[in-house]
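What follows is the residue order along each chain.
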2 protein chains.
Amino acid sequence: MSGTVKPGYARPLDLKRGRVDLGHGGGGRAMQQLVRELFHAHLGNPWLAQGNDGSVLPPAVGRLVMSTDSHVVSPLFFPGGDIGSLAVNGTVNDLAVMGAKPLWLSAGFILEEGLPLLDLERIVTSMAAAARNAGVAIVTGDTKVVEHGKGDGVFITTAGVGSLDDGIALSGDGAIPGDAVLLSGSIGDHGMAILAQREGLGLETSIVSDCASLHMLTASLMKRLGPSIRLMRDPTRGGLAATLNEIAHQSGVGIEIDEPAIPVHAPVAAACELLGLDPLNVANEGKLVLVCAAEAVDALLAEMRAHPLGSEAACIGRVREDARHFVQMRTRLGGRRMVDWLSGEQLPRIC
Amino acid sequence: MSGTVKPGYARPLDLKRGRVDLGHGGGGRAMQQLVRELFHAHLGNPWLAQGNDGSVLPPAVGRLVMSTDSHVVSPLFFPGGDIGSLAVNGTVNDLAVMGAKPLWLSAGFILEEGLPLLDLERIVTSMAAAARNAGVAIVTGDTKVVEHGKGDGVFITTAGVGSLDDGIALSGDGAIPGDAVLLSGSIGDHGMAILAQREGLGLETSIVSDCASLHMLTASLMKRLGPSIRLMRDPTRGGLAATLNEIAHQSGVGIEIDEPAIPVHAPVAAACELLGLDPLNVANEGKLVLVCAAEAVDALLAEMRAHPLGSEAACIGRVREDARHFVQMRTRLGGRRMVDWLSGEQLPRIC
């Protein structure tokens, strides 16, 4: 607790040496101060400034899309991002791959007693930058504090609302035999960046997370070539393998991918080799999987490659009839193998 | 992990003896199974059934209201509710007191490894009942798992979206000197129910949380007497004292309340006495504070009392001019005292 304060006067938060304590979650003065001097100071916008139990937002045109993600990544900071940028981009991307325009986010913080306020400030600053970059506002929030040993630094749950233009209907059940499968770039960067940081692998080449907001890329693809797009997904937890298996099951089809066509950066491939991991199972946080009509492949690839987040885009496979809904891969050596999703957990707390 | 499963065949979740493991958060088969057999089985609705990264919702009429709350209550189960009903009602109430019609909720679960699946099922069942009761659908969700000792059973963050009819503008800055302050019923029940349960106080009379959804009460008040209502609030963390101080500061007014007018149930008063707590600082989860024009007091009280959640409604005070924004109380003994909000935390993890 910050001690007793005279009405009308309070010492500012000690952002340099201060730590989160249970008082910051108590609904009293200490919490008000944290909200004002840290959250509002960085995330400030007219909606948050309303200061009520909920934020009043303008009417949205068209259908809405709503999504949520809880973030428990460990460590909190990693090359290419942190839990703050991840929490914003994760939810923005869930809206973007539905074809929606991301509009508003909420953020619920569960802080562990003892978290340095400096770390929290760094995370909130990063959220603010990610939100600005994605063109969304964090319009409402909540802060809770749990005792030391009952949490792990900070968990952040974001929920997002976007608007969906008339006529857009992207869904995991939209893939049709004959369709092509496109990927916006290399796989495995996020998961291996986290793992290298966590385990102190001391890999010579630093691997950087691909954590990014995909909404500009998806918006330009939808605008130019929307009718040829069947569905979009961001291959996060479970990696490309889990995403393709989900699509195969939802659409009731098989998928065949070509190993040589799938971009994997050399340091990621090397780290996976070293640890016995398959890049197909490793999480990404700024990649797009897109299923489209075969005749639109060239145009969509050109459009993707014109965007910084799609410069390594490739056509990696096709959708086939298959009553068993198998995902299979033609390997570099000319063979074929099943691409299964894992039963459980390969890399815990990657997002 | 549930072990290797043959494609197309999986043992059902062992809800009787099973526990959450890291595999349930891994994005693979185990997570899909948990989502399908537990979350979808209880919360099922057409939006959740879309099975995509986000849910597509119909257009909403009018302005939107968005709110979020993270829930870390300990213990998870208490007389009158559990973390599941709390997570739904908490966010529904934040929308309701803004004058909005609650429509859709998202739910992000952070599970601790080792949580009995039976507990999780009980919580999700309770969320489903609370959502049905409040007329809202849980349209999208997320599940993460953290290692044993890095969480505390389960944390649930809900976000909610509601629609706001034209002309409604309730805000904490709406109180005017001369206005009356109404309270829908007794205070302190939720906080003392949690505390009694947590500390094993062995109080003779069991205290039951007031955890409830206020949206039907607020809707009927708005419909019948909307123009005379300045603002509504639900006095949760920090209790009635914190809520009144927030209103006084936002509106730039003073507030004077009458101790004898404030309903406190005898067992709550006794438990507070025993523990040296002030019921004014204790959290509520199903109470409404309403500031209105003085001439509407009788009509609003009658309308409140006609509703089961407002049967003990009372006029507890009035808004005054006061440049210092003090909240003061006329005590039972005829004196006056300041009603301050606490600096920090009186009762941690009450919601």
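Residues numbered from 1 in each chain as written. Chains lettered and ligands numbered in written order. Predicted model: local features only at pLDDT ≥ 70, side-chain atom pairs only at ≥ 80, totals over all residues. Heavy atoms only, no water.

## Here's the deal with the overall build of chain A
Note the cut-off: Helix and strand assignments come from DSSP, with helices taken as H or I runs of at least 4 residues and strands as E runs of at least 2, each series counted from the N terminus. When we talk radius of gyration, it's over C-alpha atoms, and the globule rule is simply 2.2 Å times the number of residues to the 0.38. In this scheme, a residue with accessible area under 20% of its type's maximum is buried, one over 50% is exposed, and one in between is partly exposed, where area comes from a 1.4 Å probe on protein chains only. Throughout, a residue-residue contact means that at least one pair of heavy atoms, one from each residue, lies within 4.5 Å. The convention is simple: Lys and Arg are positive, Asp and Glu are negative, and His and the chain ends are not counted. The atoms used to mark charge sites are NZ of Lys, CZ of Arg, CG of Asp and CD of Glu.
Helices and strands together make up the secondary structure of chain A, namely 8 helices and 14 strands. In summary, chain A has a C-alpha radius of gyration of 22 Å against a globular reference of 20 Å for 351 residues, a match within 12%. Its C-alpha atoms put chain A at 75 × 50 × 35 Å along the principal axes. Going through the 351 residues of chain A one by one, you find that 62% of them count as buried. A separation of at least 24 residues holds for 84% of the contacts in chain A among residues at least 6 apart in sequence. If you average the places of the 29 positive and of the 38 negative side-chain charges in chain A, the two averages end up 4 Å apart.

## A short note on the side chain of Thr68 of chain A
Operational definition: Nitrogen and oxygen atoms within 3.5 Å of one another constitute a polar contact, given that in protein one can donate a hydrogen and the other can accept it, and given that sequence-neighbouring residues count only through two side-chain atoms.
Relative to the assigned elements, Thr68 of chain A resides in strand E2 (residues 63-71). On the basis of relative accessible area, Thr68 of chain A is assigned to the buried category, the value being 3%. A distance of 2.8 Å separates a polar atom in the side chain of Thr68 of chain A from the backbone oxygen of Thr158 of chain A. With residues near it in sequence (within four places) discarded, Thr68 of chain A still touches Thr91, Asp94, Thr157, Thr158 and Ala159 of chain A together with Ser106, Ala107, Gly108, Thr140, Gly141 and Asp142 of chain B.

## Focus: the pairing of strand E9 (residues 229-233) of chain B
Residues and elements named next belong to chain B. Formally: Any two strands with at least two DSSP-identified bridges between them are counted as paired.
Here E9 lies mainly inside the structure; 4 of its 5 residues are buried. Sheet analysis places E9 next to strand E11 (residues 289-292), joined by 4 bridges and oriented antiparallel. When the bridges of E11 are listed, Met232 appears paired with Leu290.

## What about the domain arrangement of chain A?
Interfaces are often sized by the amount of accessible area the parts lose when they come together. Residues and elements named next belong to chain A. The condition is simple: The split of the chain into domains comes from an automatic or database domain assignment. When two components associate, each loses some accessible surface as probed by a 1.4 Å sphere; the sum of these losses over both components is called the buried area.
You can read the domains of chain A as domain 1 (22-164) and domain 2 (180-338). Just the C-alpha atoms count here: the centres of domain 1 and domain 2 sit 27 Å apart. Contact residues are listed per partner, giving 20 residues for domain 1 and 21 residues for domain 2. Carbon and sulfur atoms supply 62% of the area buried between domain 1 and domain 2, which totals about 1,600 Å² over both sides.

## Comments concerning the interface of chain A and chain B
To be explicit about the condition: Only one rule defines a salt bridge in this text: a Lys or Arg side-chain nitrogen within 4 Å of an Asp or Glu carboxyl oxygen. Amino acids outside the nonpolar list (Ala, Val, Leu, Ile, Met, Phe, Trp, Tyr, Cys, Pro) and the charged list (Asp, Glu, Lys, Arg) are all regarded as polar, and Gly is one of them.
Opposite the 82 residues of chain A that make contact, chain B presents 82 residues. Interface of chain A and chain B: buried area, both sides summed, is about 6,500 Å²; carbon and sulfur atoms make up 56% of it. Counting the surface chain A buries against chain B, the share from its top three residues, Asp53, Met66 and Arg237 of chain A, is 12%. Across the chain A-chain B interface, the total number found is 12 salt bridges. As a salt-bridge pair, Lys150 of chain A and Asp152 of chain B come within 4.0 Å of each other at their nearest N and O atoms. Scanning the region where chain A abuts chain B turns up 36 residue pairs in polar contact (both at pLDDT 80 or more). Where the side of chain A that touches chain B is concerned, the elements lending two or more residues are helix H1 (29-43), strand E1 (55-57), E2, strand E5 (101-112), strand E6 (137-146), strand E7 (154-164) and helix H6 (239-251) of chain A. Across the side of chain A that touches chain B, the residue classes tally to 33 nonpolar, 32 polar and 17 charged. In the sheet, E1 of chain A pairs with strand E2 (residues 63-71) of chain B via 3 bridges, with the strands oriented antiparallel.

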